[in-house]
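So you can see what is in the structure, the chains are spelled out below.
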Amino acid sequence: PQLDVRFDVGELIGRVPLFVGLPEERIAAFATLLHPRLALPGETIVRLGDRGDAMFFIASGAVEVLVPNLAEPVKLGTGDFFGEMALLTRQRRNADVRAMGYCQLLVLDEKDFRRLVQKDANLRTHFQAVAEARRQQPAQP
Ligand code: CMP
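Computed from a predicted model, the values in this text were never measured in an experiment.

Draft legend 1. Local environment of the sheet that holds strand 5 (residues 74-77). Taken together, the 4 strands give an open sheet; going across it, the order is 2-7-4-5, and neighbouring strands pair in antiparallel fashion. Every other strand in the sheet has two partners, leaving strand 2 (44-46) and strand 5 as the edge strands with one partner each. With strand direction ignored, the average angle separating the axes of adjacent strands in the sheet is 35°.

Here it is in structure tokens:
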């Protein structure tokens, strides 16, 4: 049997809390910007030191974030996002992000990210708050 890799973006969006409860027309607008992508088990989706050109929402599955000065990988799952830091700060990727199994992702390209956060201050504040909390995670001695 072949692996079925077709996704319905509209259905996947419904699994990301950030988008749930938004008015119909906003969901439709997001749906046109988000690109579905299947990550394979063990695949490195984001690489430490790379330039950031997109951010990612996890519609299903889990990833581990390997932050250089953290002893333990940070696990993110369905509904979480990653890759926002490099876009917000215009700095390089600060961690490797690796798929722990098959992961259905929704990809938001940098240019669409910039347009969105320029138009939507609440969204920008939300991304910034999550990025800030991640930065505050204590470094291991
Ligand atoms: P970015 O720097 O673009 O690429 C690596 C991503 O890993 C980063 O954005 C965050 O989305 C994520 N990340 C980095 N540090 C943490 C952390 N401490 N906890 C959770 N996610 C993180």
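Draft legend 2. Seen up close, the site of the ligand. Close to the ligand lie 16 residues, the nearest being Gly-83, Glu-84, Ala-86, Arg-93 and Gln-137. In the model, an oxygen atom of the ligand is placed 2.6 Å from a nitrogen or oxygen of the Glu-84 side chain. Interatomic distance of 3.0 Å between a backbone N/O atom of Ala-86 and an oxygen atom of the ligand. Across the complex, the protein chains shield 98% of the 450 Å² of accessible surface that the ligand would expose by itself. Residue contributions to the shell around the ligand peak at 3 residues, all from helix 3 (residues 84-89). For the shell around the ligand, the residue count by class is 10 nonpolar, 3 polar and 3 charged.

Draft legend 3. How the structure looks around the pattern of salt bridges. Evaluated as defined, the whole model comprises 10 salt bridges. Ionic pairing is found between Asp-112 and Lys-111, a salt bridge with its closest N-O pair at 3.6 Å. Among the residues examined, Asp-112 registers a relative accessible area of 6% and is labelled buried. Ionic pairing is found between Asp-112 and Arg-115, a salt bridge with its closest N-O pair at 3.4 Å. Here the residue Asp-112 and the residue Arg-115 both occupy positions in helix 4 (residues 110-119), the gap between them amounting to 3 residues, near one helical turn. Salt bridges linked by common partners bring Arg-51, Glu-110 and Arg-114 together as one network.

Calculation notes
Residues numbered from 1 in each chain as written. Predicted model: local features only at pLDDT ≥ 70, side-chain atom pairs only at ≥ 80, totals over all residues. Heavy atoms only, no water. Pairing = 2+ DSSP bridges. Helix = DSSP H or I, 4+ residues; strand = E, 2+ residues; numbered from the N terminus. Axes fitted to C-alpha atoms, helices over the stretch in contact; angles between N-to-C directions. Near = heavy atom within 4 Å. Polar contact = N/O pair within 3.5 Å; in protein donor to acceptor, adjacent residues only side chain to side chain. Areas by Shrake-Rupley, 256 points an atom, 1.4 Å probe, with all protein chains shown as cover. Nonpolar A, V, L, I, M, F, W, Y, C, P; charged D, E, K, R; others polar. Salt bridge = Lys/Arg side-chain N within 4 Å of Asp/Glu carboxyl O. Buried < 20%, exposed > 50% of the residue type's maximum accessible area, 1.4 Å probe, protein only.

Function-wise, these values are silent; they only describe arrangement.
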